[in-house]
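The lines below spell out each chain.
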Amino acid sequence: MKSIKDQRVLITGAARGIGAEVARQLVEKGARVALVGLEPDLLSELAQNLGSENIWFECDVTDFQALEHCVKKVIGVFGGLDVVVANAGIACTGTVAISPVEVMSKIVEVNLIGTINTVSACLPAMIESRGYLLLVGSMISHVSMPGSAAYTASKVAVESFAKTLRLEVAHKGVDVGIIKPGWTDTDLVQDQMKGLNSFKGLFEILPWPFYIVTSVEKCGKEFVNAISRRRRSQCVPYFVAFVGPKSWINKIWEVIFGLAAHRLIPESEQEVKDLGRFFGPNSMGAKLIEKSRGKSGES
């Protein structure tokens with residue numbers, strides 16, 4: 001186990017939820033953190049609460065040049081980097097049949113391309129410090145859940161990227177981990193629970209252990225544990241690792257959702273249409289779509 005004290009850590013998607021909680025727990029153990037995200041008010045407040053040694057930057061992980069510039073600033077302040085947590089991610093609430101292509105594309109862009117950008121911008125510093133990269137996947141990559149096609153695809157890709165990257169940088173002294181949280185009590189999950197009755201219906205038929213909701217605090221603790229042990233792979237909760245990848249679980253999963261799909265999927269699609277939005281009210285997805293449209297209008 002490696003001491004976290006004095007470790008220099010960069011966290012993307014750090015304004016709220018898991019990212020913010022991981023930052024808090026790391027600082028409690030003596031680390032210095034650089035908070036990166038798209039909500040300057042929340043980032044500023046969090047950094048102030050964490051103490052003067054911790055810094056924040058507003059940055060979109062899908063903009064590589066901006067992210068590279070941000071990383072250089074962090075290195076300028078910290079003198080280097082020891083740990084990077086590629087946590088930034090978004091999800092939508094619609095099926096493929098009703099979701100605009102730009103919505104699904106944005107999910108892949110943030111979750112996968114944003115992770116690749118983060119790794120690429122930070123890798124030279126990671127090689128210099130023989131550091132640790134922790135990429136955030138998802139428990140849902142073990143199974144399939146209606147309404148999450150683009151999200152699931154992006155997280156499966158992130159896991160594959162992490163596995164290959166690990167082989168590529170091992171001889172340089174850099175360790176790479178993938179952490180796969182399940183349902184965590186964040187804004188992302190709360191938005192879906194509150195906004196869609198059909199989502200609740202799908203959630204209620206999940207088999208054990210996929211219906212377990214982990215507190216943000218407990219999830220953050222598992223992230224910190226993965227960092228201190230430089231783990232290759234970790235699930236939250238941990239016992240998902242023993243049942244998730246098994247083929248029999250996937251077969252049962254498909255039967256359960258197959259039986260419910262005829263009722264719940266049409267209900268879900270209609271609810272999303274009635275809401276008139278594809279991202280939760282607290283998601284950065286809508287803001288990113290608006291930003292993309294603005295750039296298209298300027299060109």
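Look up: the structure comes first, before these words.
Criteria and cut-off values
- Residues numbered from 1 in each chain as written.
- Predicted model: local features only at pLDDT ≥ 70, side-chain atom pairs only at ≥ 80, totals over all residues.
- Heavy atoms only, no water.
- Pairing = 2+ DSSP bridges.
- Helix = DSSP H or I, 4+ residues; strand = E, 2+ residues; numbered from the N terminus.
- Axes fitted to C-alpha atoms, helices over the stretch in contact; angles between N-to-C directions.
- Expected span 1.5 Å × (residues − 1).
- Buried < 20%, exposed > 50% of the residue type's maximum accessible area, 1.4 Å probe, protein only.
- Contact = heavy atoms within 4.5 Å.
- Parallel < 35°, antiparallel > 145°, perpendicular 65-115°, else oblique.
- Left-handed = near helix turned anticlockwise from the far one by under 90°.
- Salt bridge = Lys/Arg side-chain N within 4 Å of Asp/Glu carboxyl O.
- Polar contact = N/O pair within 3.5 Å; in protein donor to acceptor, adjacent residues only side chain to side chain.

**Thoughts on the sheet that holds strand β5 (residues 132-136)**
With respect to topology, 7 strands assemble into an open sheet ordered β3-β2-β1-β4-β5-β6-β9, the strand pairing being parallel. Two strands close off the open sheet at either side, each with one partner strand: β3 (55-58) and β9 (233-236). Adjacent strand axes in the sheet meet at a mean angle of 15 degrees when their direction is disregarded. Bridging between strand β1 (residues 8-12) and strand β4 (residues 83-86) involves 3 bridges; their strand directions are parallel.

**Regarding helix α5 (residues 149-169)**
In this model α5 runs 30 Å from its N-terminal to its C-terminal C-alpha over 21 residues, within 8% of the 30 Å that 1.5 Å per residue would give. Residues Ala150, Tyr151, Thr152, Ser154, Lys155, Val158, Glu159, Ala162, Leu165, Arg166 and Val169 constitute the buried set of α5. The elements touched by buried residues of α5 are α4 (101-129), β5 and β6 (175-181).

**Points about the packing of α4 against α5**
Close contact between α4 and α5 brings their axes to 8 Å; oriented N to C, the two are set at 20 degrees. Of the possible angle classes, the one that applies to α4 and α5 is roughly parallel. Relative to α5, α4 is oriented so that their crossing is right-handed. For the pair α4 and α5, contact is made by Met104, Ile107, Val108, Asn111, Leu112, Thr115, Ile116, Val119 and Leu123 and by Ala150, Tyr151, Ser154, Lys155, Ala157, Val158, Phe161, Leu165 and Val169, respectively.

**Quick notes on the pattern of salt bridges**
This structure, assessed with the given rule, holds 7 salt bridges. Ionic pairing is found between Asp82 and Arg8, a salt bridge with its closest N-O pair at 2.8 Å. Taken together, the positions of Asp82 in the loop between α3 (64-78) and β4 and Arg8 in strand β1 put the pair 74 residues apart, joining distant regions of the chain. Asp82 sits in the buried class, given a relative accessible area of 11%. On the basis of relative accessibility, which here comes to 17%, the residue Arg8 falls in the buried class. The partner of Glu159 in a salt bridge is Lys180, with the nearest N and O atoms 3.0 Å apart.

**Things to note about the side chain of Gln234**
Residue placement: Gln234 occurs in strand β9. Of the polar contacts made by the side chain of Gln234, one reaches the side chain of Arg231; its length is 2.9 Å. Once residues within four sequence positions are removed from consideration, Gln234 is found in contact with Ile178, Ile179, Lys180, Glu222, Asn225 and Ala226.

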